[in-house]
Amino acid sequence: MALALDTPVGALQGIGPARADALRGAGIQSLGDLVRKHTPFRYEDRTCFSSVAGLREGRQVVIRVEIVSVSAVRTRVRRFRILELLVRDDSASMIVKFFNQPYLEKVLQRGQQVVMFGEPRRDSYSAGLVMQNPEFEIQDGDGEDSIHTGRIVPVYRRLGAFHPRTLRTTLYGVLQELGEAEQLPEVLPPEVVRRYDFPSRMEALRRIHFPEPRPGEASADLMERLERRDTRYHQRLIFEEFFRFQLGLLVTRSRRRLQPKQRTVRVDRRVREAVKSILPFHPTGAQKRVLGEIVRDLTSSCVMTRLLQGDVGSGKTIVALQAQVVVMENGYQTALMAPTEILAEQHCRAFARRLADTPYRIAFLTGAVKGKARREALEAIRSGEARVVVGTHAIFQKGVEFQNLGLVVIDEQHRFGVLQRSRLMKKGERPDTLVMTATPIPRTLALTLYGDLDLSLIDEMPPGRQPIRTILKSGANREEVYRLVRRQLAAGRQAYLVYPLIEESEKVDLQAAVEAAEHLRTEVFAEFEVGLLHGRLPSEEKDALMRRFSNGEVQVLVATTVVEVGIDVPNATIMVVEHADRFGLSQLHQLRGRIGRGEHRSYCILMFGRRVSPEARERLEVMRRSSDGFEIAEKDLELRGPGEFLGTRQSGLPGFLFANFVRDRKLLDAARLEAEQYLARLEAEGTATPARLTRLLQRWRREFFLSEVG
Ligand code: ADP
Ligand code: MG
């Protein structure tokens, strides 16, 4: 049977039901899937043969040897079966052992010429160096290409019972069989393929599986390029992914824009007065500019989907509230959604203060609001009596009906994916949406996670801020650090003492924080009020404690990382972070953003343990040097890679097969630009028909959001 890309993998020789199942489990149904989805995760240079006499321990090598003798040994204890070979080349001989692979007794025979790849080691049973379970290839002298040796070989991740080596054989065979005629459909516009001189998709895949050096290129140089995925074959597939992904985002955005909204928002003198009346201070230039951008969207005939970025403490909240007042003055409800109960409560308090002299009633709705309070909140939201709804994602659950929702503000939002966001935006009358991020996001990542949104940036801090002084201290200096804290407290300021809460060891960490709080309360800061804030506290207690810290009754807040997002107490001027080496950069930046919010000089003390890894040390140094959130975020992304950067609970990062935002950011920029131009051209030509765009979006969802579509 001739193989084709759509041949089911089960039809391959040597693939029984078990292997076929393993493949299907990995989303691989057809040969095309296999070739596209299971590419090498690294490569090995097996082009140079080493001589046996020159082998050293612990370095991977390829040797070309003759089998001198073969003997099967069975150990008494534990019934190991060992196949022991004596092999030799011109220079010397050595022992090679295979464990528990009895079928090899029939395969490997005396007199055969074999190429082997492995790592020589010492073991306590034989003299000299020994190779254990090397990969090998018997040279039968018929001149066929070598698959496993004598070239740069692909290394695959194991798939179920499918071993890396078997996969290599299989893929080699499949690519040979598929022949030159088999092509994957081109998915890039022809002019883009021409401009970048891209190879076809099929050729790219072939060369990614089995790379070959350019004429005159040393295999070591090719290895280096492969490491960086810097071959034109990799680049093509990376570009392709970025292009398709960006195109989907752009179409999502342009569709949203095309749908006219059902409400009209106007800004006249009355509205302007109302907006001004809630302002406790003069807005910065950046805040004014951004409010202008938002108001332009609100008053236009298209639905707004805008991302508001700004470093910690740049004053995003008041801008959002101003926008809400504009919309409410026009007769519509607004909602503010925060990621945690604590933050929702804080926003609710702040709004209550700011809106005290206005007629707007606030409803509070989180998962913790139950029974009568919940029924009342729901009723107020439905009847329209509540004009502002503040809460967590509970706001958007079933059973919550708005009278006329006009604007949704999502604070600290980077925990939602593109599709989740889409779903939110479909609620009711398609409200205008303003998304605010807590962490500055490097541009490349912002393009990816928020490429469907319009961007606004607050790039200026409120006036009068003094830079925060950041100090690194080893745990041994705790007494000195406490003295610093006491000095601030004595001057009437407040302090945060932060303990890390790492998920894997949450119980132990929590215990440590509880004990530390006790110690601080009774011994170290006995003359001050010390409170302990952590995620397990009932929400009334959290709320009460936060209120007491806000109004100064509590001077020292011992907290686990729940203080990370958004908490705002300007009188707090000193923060001590215990085990700062266990935090990521962005997290530290967020934490530090809790201080330096008022007129007094602030201090951030990062404590580290006795054993600090070099990377952790580097992170702490970055924190000491820089206070620029964007710079820190870039560094963080670089140090940790996109997956880690976003945290494990992220659902926003789509599954790319080839591309990596950090490594390939130049290609991402290029692809974004090309996708913009392409869509603009379709629109200009009138070929961006709704049906076509719908198909495009369906494919896009399937390709990038399979796990989210559900
Ligand atoms: P973030 O952008 O991190 O959410 P916030 O909105 O919480 O920042 O604002 C940080 C602090 O700065 C708050 O105490 C807020 O009242 C204050 N603030 C915001 N804008 C100004 C301004 N223009 N002038 C003075 N203080 C401001
Ligand atoms: Mg905030």
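Every value quoted in this text rests on a predicted model; they were computed, and no experiment measured them. (Residues numbered from 1 in each chain as written. Chains lettered and ligands numbered in written order. Predicted model: local features only at pLDDT ≥ 70, side-chain atom pairs only at ≥ 80, totals over all residues. Heavy atoms only, no water.)

### Some thoughts on the overall build of the chain
Thought 1: From N to C terminus, the chain includes 24 helices and 22 strands.
Thought 2: The C-alpha extent of the chain, read off along each of the three principal axes, is 95 × 70 × 50 Å.
Thought 3: Taking as baseline every contact in the chain between residues at least 6 positions apart, the subset at least 24 positions apart corresponds to 74%.
Thought 4: Summed over its atoms, the accessible surface of the chain is roughly 33600 Å², and 49% of this surface lies on carbon and sulfur atoms.
Thought 5: Looking at charge distribution, the chain has the averaged site of its 109 positive side-chain charges lying 2 Å from that of its 92 negative ones. (Helix = DSSP H or I, 4+ residues; strand = E, 2+ residues; numbered from the N terminus. Contact = heavy atoms within 4.5 Å. Areas by Shrake-Rupley, 256 points an atom, 1.4 Å probe, with all protein chains shown as cover. Lys, Arg positive; Asp, Glu negative; His and termini not counted. Charge placed at Lys NZ, Arg CZ, Asp CG, Glu CD.)

### Describing the packing of helix 10 (residues 285–299) against helix 11 (residues 316–329)
Thought 1: Running from N to C, helix 10 and helix 11 point in directions that differ by 35°, and their axes come no closer than 10 Å. Between helix 10 and helix 11 the crossing geometry is right-handed. Residues Gln287, Val290, Leu291, Ile294, Val295 and Leu298 of helix 10 form the contact with helix 11, whose participating residues are Ile318, Val319, Gln322, Ala323, Val326 and Val327. (Axes fitted to C-alpha atoms, helices over the stretch in contact; angles between N-to-C directions. Left-handed = near helix turned anticlockwise from the far one by under 90°.)

### Describing the sheet that holds strand 4 (residues 93–99)
Adjacent strands of a sheet form backbone hydrogen bonds with each other and so pair up, either parallel or antiparallel.
Thought 1: With respect to topology, seven strands assemble into an open sheet ordered 6-7-4-3-2-5-8, the strand pairing being mixed. Here the strands that pair on one side only, and so sit at the sheet edges, are strand 6 (120–122) and strand 8 (135–138). Between one strand and the next, the sheet's axes are offset by a mean angle of 45°, whatever the strand orientation. (Pairing = 2+ DSSP bridges.)

### Re the side chain of Glu578
Thought 1: Its location among the elements puts Glu578 in the loop between strand 21 (572–577) and helix 19 (585–592).
Thought 2: A polar contact of 2.6 Å, which involves the side chain of Glu578, links it to the side chain of Arg478.
Thought 3: Setting aside residues up to four positions removed in sequence, Glu578 forms contacts with Arg478, Tyr482, Val498, Tyr499, Pro500, Phe583 and Met607. (Polar contact = N/O pair within 3.5 Å; in protein donor to acceptor, adjacent residues only side chain to side chain.)

### Examining the site of ligand 1
Thought 1: The environment of ligand 1 is made up of 17 residues, and the closest members are Gln287, Gly313, Thr317, Arg465 and Asp568.
Thought 2: The contact in question runs from an oxygen atom of ligand 1 to an N or O atom on the side chain of Lys316, over 2.9 Å.
Thought 3: A distance of 2.6 Å separates an oxygen atom of ligand 1 from a polar atom in the side chain of Thr317.
Thought 4: For ligand 1, whose unbound accessible area comes to 560 Å², protein coverage reaches 86%. (Near = heavy atom within 4 Å.)

### What about the environment of Ser602?
Thought 1: Along the chain, the position of Ser602 falls in the loop between helix 19 and strand 22 (603–608).
Thought 2: Taking the C-alpha atoms as reference points, Ser602 and Glu460, separated by 142 residues in sequence, lie 19 Å from one another.
Thought 3: Not counting the four nearest positions on each side in its chain, Ser602 is found in contact with Pro467, Ile468, Arg469, Ala572, Thr573, Ile595 and Gly596.
Thought 4: At a separation of 3.0 Å, a polar atom in the side chain of Ser602 contacts the main-chain amide nitrogen of Gly596.

### Brief notes about the pairing of strand 21
Thought 1: In terms of residue burial, strand 21 counts as a mostly covered element, since six of its six residues are buried.
Thought 2: Both strand 18 (residues 494–498) and strand 21 contribute to a ladder of five bridges, which runs parallel. Along strand 21, the bridge assignment pairs Leu497 with Val576. (Buried < 20%, exposed > 50% of the residue type's maximum accessible area, 1.4 Å probe, protein only.)

### A short note on the nonpolar core
Where a protein is soluble and globular, its nonpolar side chains tend to be buried together.
Thought 1: Membership of the largest hydrophobic core comes to 91 residues, with the highest contact counts inside it found for Leu23, Val35, Phe239, Phe242, Phe243 and Phe402.
Thought 2: Ignoring anything within four residues of it in the chain, the contact list for Leu23 reads Val9, Ile15, Ile28, Leu34, Leu159 and Phe162.
Thought 3: Counting 36 residues, the second-largest nonpolar core is a separate cluster that includes Val271, Ala323, Val325 and Val388. (Core = buried A, V, L, I, M, F, W, Y, C linked by side-chain atoms within 4.5 Å.)

### Describing helix 4 (residues 164–178)
Thought 1: Its 15 residues give helix 4 an end-to-end C-alpha distance of 21 Å, which sits within 8% of 21 Å, the value for a rise of 1.5 Å per residue.
Thought 2: Every buried residue belonging to helix 4 is among Leu167, Arg168, Thr170, Leu171, Tyr172, Val174, Leu175 and Leu178, and all of these are buried.
Thought 3: On its buried side, helix 4 packs onto helix 2 (31–37), strand 8, strand 9 (152–155) and helix 6 (201–209).
Thought 4: In the segment just after helix 4, Gly179 is the residue with positive phi, at about 75°. (Expected span 1.5 Å × (residues − 1).)

### Structural notes on the confidence of the model for the chain
Thought 1: Mean pLDDT over the chain: 87, with 92% of residues reaching 70 or higher.
Thought 2: Mean pLDDT values over the elements of the chain span from 51, in helix 24 (residues 706–709), up to 97, in helix 10.
Thought 3: In the predicted structure, residues 647–652 sits below a pLDDT of 50 and forms ten contacts with residues beyond four places in sequence or in another chain. (pLDDT = per-residue confidence, 0-100.)

### Quick notes on the packing of aromatic side chains
Thought 1: Under the criterion given, the structure shown has 14 aromatic pairs.
Thought 2: Note on Phe243 and Tyr678: the rings are 5.8 Å apart at their centroids and 55° apart in plane angle, and the pair reads as tilted. Of the two residues, Phe243 sits in helix 8 (residues 232–258) while Tyr678 sits in helix 22 (residues 665–685), which places them 435 residues apart along the sequence.
Thought 3: Assessed through its relative accessible area of 1%, Phe243 is described here as buried.
Thought 4: Tyr678 gets classed as buried once you look at its relative accessible area, which sits at 15%. (Phe/Tyr/Trp six-rings, centres within 6.5 Å; stacked < 30°, edge-to-face > 60°.)

### A look at a positive patch on the surface
Thought 1: A cluster of basic residues, Arg692, Arg695, Arg699 and Arg702, forms a positive patch on the protein surface.
Thought 2: Along the chain, Arg695 falls in helix 23 (residues 690–704).
Thought 3: With a relative accessible area of 47%, Arg695 lands in the partly exposed category. (Patch = residues over 30% accessible without salt bridge, like charges linked within 9 Å, V, L, I, M, F, W, Y side chains within 5 Å. Salt bridge = Lys/Arg side-chain N within 4 Å of Asp/Glu carboxyl O.)

### Here we look at the sheet that holds strand 21
Thought 1: Ordered by their spatial adjacency, six strands build an open sheet running 17-22-21-18-20-19, and the pairing between neighbours is parallel. Of all strands in the sheet, those with a lone pairing partner are strand 17 (469–474) and strand 19 (530–533), marking the two edges. Within this sheet the neighbouring strands show an average axis-to-axis angle of 20°, counted without direction.
Thought 2: Relative to strand 22, strand 17 runs parallel, the two being bridged by six bridges. Bridge pairing in strand 22 places Lys473 opposite Met607.
Thought 3: Packed onto the sheet, helix 20 (residues 614–625) meets strand 17 and strand 22 and runs at close to 150° relative to strand 17.

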